[in-house]
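Each chain is listed here by its residues.
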Amino acid sequence: MNRPLTILSLAVLFLVALAAGAEEVSPVLWPEEQRAFFQDGPAYLLEPAERDRFAALDEAERQRFMEEFLDRDPVPATPENELREGIRRRLLLIRNEGLLPSDDRAQLLFLRGPADERKVLDCGSTFKPVELWGYGPEKGRRFAVLYQPDPAETYRLWLPTESKRVLYTPELQYFLEQWEELRGFIFGKRFDYQLCEEAKRVDRITGVDGLFGYEKDRPTDADMMRFLAPPDDLAAWARRAAATAVEPPPEELPVEQVELLFPEWEGQRIVTRVVVRLPQDVELETAEAASEGELLDEEPEQEIELTATGLLEQDGQPFEDFRVRYTLPAPEEPRPIALVLERPLRPGFEFLLRLTVKDEVGGAEQIIRRGFRVPDVPEAVEEAEVPEALVIALGQQLAEEPMAGADSLVLVPPEVDVALGLWRAEVLTTGDRIAKVVFSVDGQVQLTRTRPPYSVELRLSDFPSEQVVRVEGLDEDGELVAADEVIINQPRGSLNVRITDPPRGRQSAGEVQARAQIVVPEGKRVESVTFLVDDVVQATLDRPPWEAMVTAPEDAELSYLTAVVELDDGARAEDVRFLRSPQYLEQVDVSLVELYTTVTDRNGSLARGLTADDFEVFEDGRRQEIKKFELVENLPLTVGITIDTSGSMSESLFEAQQAAVEFLENIVTRRDRCFALSFATRPVMLMPPTNDVDAVARSLDGLAAVGNTALHDALVHSLYYYRGVTGRRALVVLSDGDDTASNVPFRNALEYARRSGVAVYTIALDVGTLDLNIRNKLRDLSSETGGRSFFVKDAEALRSVYAEIESELRSQYLVAYAPDRARGTGGGYREVEVKVKQRGLKARTTRGYYE
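Residues numbered from 1 in each chain as written. Predicted model: local features only at pLDDT ≥ 70, side-chain atom pairs only at ≥ 80, totals over all residues. Heavy atoms only, no water.

## A short note on helix 5 (residues 82-97)
Then comes step 1: Across its 16 residues, helix 5 extends 22 Å between first and last C-alpha, which sits within 8% of the 22 Å expected from 1.5 Å per residue.
Then comes step 2: Regarding helix 5, the residues found buried are Glu 82, Leu 83, Glu 85, Gly 86, Ile 87, Arg 90, Leu 92, Leu 93 and Ile 94.
Then comes step 3: Packed against the buried residues of helix 5 are helix 4 (59-71), helix 6 (104-112) and helix 11 (234-242).
Then comes step 4: Among the residues of helix 5, the N-terminal cap falls to Asn 81, whose side-chain oxygen and the backbone nitrogen of Leu 83 are separated by 2.9 Å. (Helix = DSSP H or I, 4+ residues; strand = E, 2+ residues; numbered from the N terminus. Expected span 1.5 Å × (residues − 1). Buried < 20%, exposed > 50% of the residue type's maximum accessible area, 1.4 Å probe, protein only. Contact = heavy atoms within 4.5 Å. Polar contact = N/O pair within 3.5 Å; in protein donor to acceptor, adjacent residues only side chain to side chain.)

## Some words on the pairing of strand 14 (residues 350-359)
Then comes step 1: Along strand 14, 7 of the 10 residues are buried, which leaves the element largely enclosed by surrounding structure.
Then comes step 2: For strand 11 (residues 302-314) and strand 14, the ladder comprises 8 bridges, and the chain directions are antiparallel. Bridge pairing links Thr 309 to Thr 356 in strand 14.
Then comes step 3: Pairing geometry for strand 14 and strand 15 (residues 365-373), over 9 bridges, is antiparallel. Paired with Lys 358 across the two strands is Glu 365, which belongs to strand 15.
Then comes step 4: Linkage of strand 14 to strand 15, two consecutive antiparallel strands, is achieved through a turn of 5 residues, within which Gly 363 is found at a positive phi near 95 degrees. (Pairing = 2+ DSSP bridges.)

## Considering the sheet that holds strand 19 (residues 422-430)
Then comes step 1: With antiparallel pairing, the 3 strands of this open sheet are ordered in space as 18-19-22. The open sheet has two edge strands with one neighbour each: strand 18 (408-411) and strand 22 (454-459). Put simply, the sheet's adjacent strands are angled 25 degrees from each other on average, direction ignored.
Then comes step 2: For strand 18 and strand 19, the ladder comprises 4 bridges, and the chain directions are antiparallel. Bridging from a neighbouring strand, Val 410 pairs with Leu 428 of strand 19. (Axes fitted to C-alpha atoms, helices over the stretch in contact; angles between N-to-C directions.)

## Overview of the sheet that holds strand 32 (residues 593-600)
Then comes step 1: With respect to topology, 4 strands assemble into an open sheet ordered 35-42-32-44, the strand pairing being antiparallel. Every other strand in the sheet has two partners, leaving strand 35 (626-631) and strand 44 (842-844) as the edge strands with one partner each. Across the sheet, the mean angle separating the axes of adjacent strands is 30 degrees when strand polarity is ignored.
Then comes step 2: In this sheet, strand 42 (residues 813-817) lies alongside strand 32 in antiparallel orientation, the contact comprising 5 bridges.

## Re the pattern of salt bridges
Then comes step 1: Enumeration according to the criterion identifies 53 salt bridges in this entry.
Then comes step 2: Residues Glu 751 and Arg 754 are paired through a salt bridge, measuring 3.0 Å at the closest nitrogen-oxygen approach. In this pair, Glu 751 and Arg 754 both sit in helix 15 (residues 746-756), 3 residues apart, roughly one turn of the helix.
Then comes step 3: Accessibility expressed as a relative area gives 22% for Arg 754, which makes it partly exposed. (Salt bridge = Lys/Arg side-chain N within 4 Å of Asp/Glu carboxyl O.)

The following block contains the structure:
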C-alpha cells in the first residue's frame with residue numbers, strides 16, 4: 001500500500017538533489033578547450049589556489065580566464081608569445097613520448113622538460129617499473145623517483161611517506177622483511193643488491209638503506225613534490241619551454257565532424273557509437289591490395305588503410321584501450337568517409353575518449369578528445385539523410401583475425417565465460433577444399449567430422465580450467481587447409497601472472513616443472529609467456545598450458561625463476577619465485593596456511609577479544625605452531641552474490657535483490673571487490689569483480705524469475721571468478737529449491753568448492769524442513785568451506801541474514817601456520833582443525849585445503 005508514496009517521495013528527493021547539484025559540472029564535460037587547459041597541461045602552471053578558483057568559475061568566466069592567461073606575454077621584449085609557444089612544445093613533447101596527462105612523468109616533462117639524466121630500471125625481479133629522472137648539474141643532481149603501482153595504472157611520483165617497500169615487487173618485499181628481521185645475524189650481500197645493480201643507487205636517491213635504514217639527510221615529501229610544483233618565475237619557464245627541442249608532429253589528417261551516439265542496450269551496458277567523418281576533399285594515400293593468383297597484366301587494386309587507436313579514461317586513469325582497423329577500396333573519385341566504432345559502456349558514468357585516427361599509408365593523423373557521460377537509457381538516433389557519396393566504414397578489432405582466403409574456417413567461441421563438461425563446438429567454413437574437420441582439446445584429437453554441419457560435442461574438464469580447443473580443416477588428401485583455435489576458461493581481470501609451481505619454499509635443483517597462472521584483461525590476448533632461470537631464457541610459450549621444464553643450477557646459493565607474460569598490445573607483467581635461497585633463510589622462506597576463522601559462543605554470538613594463545617591448530621591431526629594471528633576487520637575482501645532467478649522466485653526476487661544490494665553497499669569498501677551472478681536454467685554473470693558497488697547494484701535491477709534451477713553449475717561458475725584472488729574471500733548463494741538443471745553433479749561442485757578456498761554462505765529461502773536433500777547440500781557447502789548456512793521463511797528475513805554475514809566477515813580471526821611437514825612434499829588434501837581453548841567457544845573455518 002505504501003510503496004507508491006515511498007517511490008514518489010524518493011523521486012522528489014532525487015529531483016531536489018539534482019537541482020542542487022545542477023551547476024556543478026565535471027571538468028570532463030566542459031568544452032574541450034577548457035577541459036584540455038585544466039587537465040592536459042597548461043593548468044600545471046597555476047598555483048593550487050588558482051586551479052581551484054578556475055574550477056569554480058562558470059563556463060564564460062573560465063573561457064575569459066583561460067584566454068587572458070594564454071594571451072599574457074611574460075617576455076614582452078620579443079615579438080612572439082613564449083608562453084603559448086612553450087606550452088605547445090611541451091605538450092608536443094608529452095605526445096611524442098606517448099604519455100597520458102594523468103601520468104606524473106607527463107607533468108614532469110611539461111614543467112621541467114626532458115631530464116638531464118633518465119634511468120629506466122631493468123630489474124623486474126626486484127623492482128616494480130621504476131624510472132629515475134635527474135635534473136641539474138651532475139654534481140648535486142636531484143632525482144625524482146617515479147613508479148607504476150599496478151600494470152593498469154599510470155606512473156606516479158614516489159613520496160617518502162609511502163615507504164620504500166612500494167617500489168619493490170611483492171617477492172622482494174617478503175625477502176627484505178626477513179633480511180631486516182635477521183639483520184646482525186646474517187652476512188653476505190642483500191638480495192636486491194645481488195639481483196639489481198641499481199639497487200644501491202635507489203638507496204642513495206631515496207635515502208633509505210633497504211626497507212628501514214633511514215638516512216638523516218633523506219628527501220622529504222616536500223622535496224619530491226617540488227618537481228611537480230608550478231614555476232616561481234613564469235617568464236623564465238616560458239623562455240626555457242619555448243626553446244625545447246622537439247620533433248615536429250605528423251601531418252594533420254582533416255576531420256570534418258565527430259559524433260557520439262548512444263543507440264541501444266548491450267546486456268547491462270549501453271552502446272557508445274563514435275562516428276568520425278572525414279571530408280570529401282581529404283587526401284589519403286593508397287596501398288596495393290595483397291591478392292593471390294594476380295595476373296601480371298592486371299593493375300593491383302588500391303586500398304585505403306586507416307586505424308583508430310583509442311583510450312577511454314575514467315577518473316583520470318585508463319579504463320579501456322582499443323585499436324580498430326579500416327580497410328576499404330580506394331574510390332574512383334573523392335568521397336567523404338565516416339569511420340564508425342562502438343564500445344559497450346556502463347550507463348551513468350563519465351568518460352574521456354582520446355582517439356587517434358591515422359592514415360597508415362601516408363602517415364597523417366588527427367587526435368580527437370571528447371568527454372561524455374553515458375546516459376541512463378539509450379537515446380533514439382534520428383534518421384538523418386545519408387549522402388549517397390558517403391562511404392560508411394565499420395572497423396574491425398585488430399585482435400580479431402578475419403577469415404583469410406577462399407578456403408578457411410572459424411571456430412565459434414562459447415557464449416558463456418565458463419565452459420565445462422560437454423560443450424558443443426561449431427565451425428563455420430568457406431570454400432570447397434575442406435573435406436573434413438578435426439577437433440582437438442589440449443592437443444588430443446577427440447572427434448572428426450567428414451561432412452557439414454561441422455558441429456560436435458567435446459568433452460572438457462569437469463572443473464573450470466584453461467584449455468585449448470583447436471580445429472583443423474583438411475582436404476581430400478589429408479593436407480591442412482586452415483586451422484583455428486579458442487582458449488576456454490581463460491581467467492579475466494587486471495593483467496597478472498602468478499607462479500604456482502614449484503611450491504614456494506622448496507629448494508629446487510636440476511629439472512624443475514615450472515607452471516604459471518595468467519589473468520588476462522578483457523579483449524586482450526597473450527602473445528607469449530617466458531620462463532627464465534637467473535635471467536636466462538629457458539622456455540617461451542604462446543598458448544596454454546603455461547608450463548615447462550626448466551633447469552635450476554645445482555650449486556648456486558641463490559637462484560630464482562621468473563615468469564614474464566606479454567600481451568598482444570605490448571603490456572607486460574612478471575612474477576618471481578626463488579628456487580634456492582641461503583641456508584639461513586630456510587626457516588622463514590615458507591608459505592603460510594591462512595585460516596580465516598569465526599568464533600562463536602553457545603548462543604551463537606561472535607566471540608571477540610581473543611588472542612593467539614586462545615587457539616590451537618591441527619593439520620592431519622598434528623598440532624601446528626601459530627606463526628601469524630590478527631583480527632581481520634579491515635583486510636581487503638572479495639565477495640560474490642549468486643542469486644536464484646528461477647520461476648519459483650517470482651514473488652521473492654525483488655526483495656532478494658534489494659537485500660543483496662544493501663548488503664554490498666554496507667560491506668564493500670574501496671579496497672574490496674564484489675560481483676553478481678544470477679542463475680536459472682544456466683548461470684549468467686551480471687557484473688564481473690569490481691570495486692564499483694553501484695555498478696553491481698545496477699546489474700541486479702530488473703531480473704526476471706523464469707526457468708529451472710542450475711544451482712551446481714552456478715556455484716562452480718561463481719567460484720571460477722576467484723581464480724588468482726588471495727585474501728579474504730566469501731560467496732553468498734541464495735536459492736529457494738533443489739537443483740533441477742545442472743550439468744555438474746553435486747559431488748563435483750562440492751569438490752571444486754573445497755579446492756577454491758572460498759567461504760561459502762548459503763541462504764535457503766522457504767525450503768521446508770522435510771526437504772532434506774537441498775538442506776544437506778547447503779549445509780555441506782558451508783561447513784566444508786568455513787561459511788554458514790541460513791534457512792529463512794520469506795524474503796523479509798534476508799536483511800537480518802545479510803547483517804549477520806556482514807558482522808561475521810568483519811569479526812574473523814586470521815590464524816596462520818607453517819606446516820611442520822617437509823616443504824613441497826606431495827600434493828593432496830590436508831585436513832585442518834582450529835580449536836579454541838576456552839570452554840563454550842567454537843571455531844569455524846575451512847575443513848581443509850589442497851597443497
